[in-house]
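Fold and contact review
Residues per chain are reported as follows:
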Amino acid sequence: MVILKTDREIDEMRAAGRVVARALAAVREAADVGVSPLDLDRVAREVLRAAGATSPFLGYRPRFAPVPFPAALCLSVNDAIVHGIPGEAPLRDGDLVSADFGALLGGWAGDAAVSFTVGRARPADLRLIETSEAALAAGIAAAVPGNRIGDIAHAIGTTCRAAGYGVPDGFGGHGIGRAMHEDPGVPNEGPPGRGTKLRPGMVLAIEPMVIAGGTDDYTCDGDGWTLRTVDGSRAAHAEHTVAITSDGPRILTAL
Ligand code: MG
């Protein structure tokens, strides 16, 4: 069931989204060669604490997971696509980092992700990251009343495929509100003109993921969470929480 939000509720969701934006900016600022993902989890948690917000990721346990997620920040490095558990191993020169973060504030959830490099960037990684951002922008541009979920999926998928990248099978965005995951699902690929019609008051987390090697396959680490490319190539992830309004898409997790 799709739960529509009032303008006032969307304003409240914007407050939660701002906390997410601030945390991701702080993580990006702190990320460097020699800094560990666990250090970055602490940076993100401090932003939550200072804002009086809590984490929807920490302790989250969907059906597929053997253990609750043990951190507030998902940090997926290099060939990890999403859901990486922050560890102690320091980031290395040229690593590609995807940071995914959520906040709960005033009973509302926000969810966003950004990918970046630390140290000396490989040109191929910068192109991969740019494509994830371009796919996100295309998906957001399609998030207008009258369009359908399939139009967002099509915009994302065609952007990723045109660049020659793989799109992880079966993963995508989601409705978001009082819960981090609500209806409808937002696939990252598919035919246009299909699926739920978009209406003002719908709020969606739109989140393209791209695999550099061009395959769509992934595997899960023994930790039960970290999704990794099968071909060993690198992956990037970009996400915003976006409200559909009669004035067009409103990004709730921008700074
Ligand atoms: Mg999400």
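Look up a bit, the structure's there.
Described below are features of the structure shown in this document. (Residues numbered from 1 in each chain as written. Predicted model: local features only at pLDDT ≥ 70, side-chain atom pairs only at ≥ 80, totals over all residues. Heavy atoms only, no water.)

Description of the sheet that holds strand β7 (residues 203–206)
- Sheet architecture is open: five strands sit in the order β6-β5-β7-β12-β13, paired in antiparallel fashion. Of all the strands in the sheet, just β6 (182–187) and β13 (248–251) have a single pairing partner and so form its edges. Each strand axis lies, on average, 30° off the axis of its neighbour in the sheet, ignoring direction.
- Relative to β6, helix α4 (residues 149–162) is tilted by about 35°, and along the sheet it contacts β6 and β7. (Pairing = 2+ DSSP bridges. Helix = DSSP H or I, 4+ residues; strand = E, 2+ residues; numbered from the N terminus. Axes fitted to C-alpha atoms, helices over the stretch in contact; angles between N-to-C directions. Contact = heavy atoms within 4.5 Å.)

Comments concerning the nonpolar core
- Membership of the largest hydrophobic core comes to 26 residues, with the highest contact counts inside it found for I152, L198, L204 and I206.
- When residues of this core are traced back to their parent elements, those giving at least two are α3 (123–141), α4, β7 and β12 (240–245).
- For L204, the residues in contact, after removing those within four places along its chain, are I149, I152, H174, G175, I176, P184, V186, L198, H240, T241, V242 and I244.
- L73, V97, A103 and V118 belong to the second largest nonpolar core, which has 24 residues in total. (Core = buried A, V, L, I, M, F, W, Y, C linked by side-chain atoms within 4.5 Å. Buried < 20%, exposed > 50% of the residue type's maximum accessible area, 1.4 Å probe, protein only.)

Concerning unusual backbone geometry
- Look at the link from D183 to P184: it is a cis peptide, with omega at 0°.
- Assignment of secondary structure puts P184 in strand β6.
- Phi at N78 takes a positive value of approximately 60°, unusual for a residue other than glycine.
- Counting through the fold element by element, N78 comes out in the loop between β1 (73–77) and β2 (80–82).

Looking at the pairing of strand β4 (residues 108–117)
- Of all 10 residues in β4, 10 are buried, a share of seventy percent or more.
- Taking every second residue as pointing to the same face, both faces of β4 are buried, with W108, G110, A112, V114 and F116 on one and A109, D111, A113, S115 and T117 on the other.
- Summarising the sheet, strand β3 (residues 96–105) and β4 pair through 10 bridges and their orientation is antiparallel. Counterpart to A103 in the pairing with β4 is G110.
- Taking the residues that link successive antiparallel strands as the turn, the β3-β4 hairpin has two residues, and the phi of G106 there is positive, at about 60°.

Notes on α3
- Taking 1.5 Å as the rise per residue, α3 with 19 residues should run 27 Å; its terminal C-alpha atoms sit 27 Å apart, in good agreement.
- All of the buried residues along α3 are D125, L128, I129, T131, S132, A135, L136, G139 and I140. (Expected span 1.5 Å × (residues − 1).)

Some points on helix α1 (residues 7–30)
- Over its 24 residues, α1 extends 35 Å from the first C-alpha to the last, a length consistent with the 34 Å expected when each residue adds 1.5 Å.
- Every buried residue of α1 is accounted for by I10, M13, R14, A16, G17, V19, V20, A21, A23, L24 and V27.

Quick word on the sheet that holds β3
- A sheet is described by the order of its strands in space; here three strands give the open sequence β1-β3-β4, paired in antiparallel fashion. In the strand order of this sheet, the two ends are held by β1 and β4, each with one partner. Each neighbouring strand pair of the sheet contributes to a mean axis angle of 10°, computed without reference to strand direction.
- Note: β1 against β3, five bridges, orientation antiparallel. Bridging from a neighbouring strand, L73 pairs with F101 of β3.
- Strand contacts of α1: β1, β3 and β4, with the helix running at about 30° to β4, the strand carrying the most contacts.

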